[in-house]
Amino acid sequence: MIKRVSWFVSGAVAGIAGAGYAKRKVKETAAHLAPVNVARSAVTKVKSRGHDVIEAVRDGREAMHAKEQELRARLHGEVISLADQVSDNDQVLVDGRPVEAGQVIVLRQMHDNTQVGPRRSSRRHRRGA
């Protein structure tokens, strides 16, 4: 009979300890998944990858400026179709490979002093110069 009581008590203790452990783990996980902590974790990850984000923004701006230049050139008629300049029996080579004339865009670089957008000022201002 003492064996049964000792097994019962040890089982009850193990059950109570297991339930307490499970309850503590559930609370920790719930606290970890709280919106504030998830946001904090996301900000930490972004800060650690800040260099990558800066590079991506820089690349995006460069691509935007290149596309803007192309669109302005098309608007001002500075883009000439190579297909208009080449006769039917001529062959167009790009990097030594034959291509169709309609697949090539040639941009002429024009240097003029008129500026389309607003002028950017220097961040450093000289006083008394």
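All figures in this text were calculated on a predicted structure; none of them were measured in a lab.

Some details on the confidence of the model for the protein
Thinking step 1. The predicted model of the protein averages 78 in pLDDT, with 70% of residues at 70 or higher.
Thinking step 2. Per-element averaging of pLDDT across the protein places strand β4 (residues 105–107) at the bottom with 62 and helix α1 (residues 2–32) at the top with 94.

Looking at the pattern of salt bridges
Thinking step 1. All told, the structure shown has 5 salt bridges when counted by the stated rule.
Thinking step 2. A salt bridge links Arg-58 to Glu-55, with the nearest nitrogen and oxygen atoms 3.2 Å apart. Of the two residues, Arg-58 and Glu-55 both sit in helix α3 (residues 50–75), 3 residues apart, roughly one turn of that helix.
Thinking step 3. Classification of Arg-58 as partly exposed rests on a relative accessible area of 42%.
Thinking step 4. Residue class for Glu-55 comes out partly exposed when judged on its relative accessible area of 29%.
Thinking step 5. Between Arg-74 and Glu-70 there is a salt bridge whose closest N-O contact spans 3.3 Å. One end of the pair is Arg-74 and the other is Glu-70, both in helix α3 and 4 residues apart, which spans about a single turn.
Thinking step 6. Taking relative accessible area as the criterion, Arg-74 reaches 45% and is therefore assigned partly exposed.

Rules used throughout
- Residues numbered from 1 in each chain as written.
- Predicted model: local features only at pLDDT ≥ 70, side-chain atom pairs only at ≥ 80, totals over all residues.
- Heavy atoms only, no water.
- pLDDT = per-residue confidence, 0-100.
- Helix = DSSP H or I, 4+ residues; strand = E, 2+ residues; numbered from the N terminus.
- Salt bridge = Lys/Arg side-chain N within 4 Å of Asp/Glu carboxyl O.
- Buried < 20%, exposed > 50% of the residue type's maximum accessible area, 1.4 Å probe, protein only.

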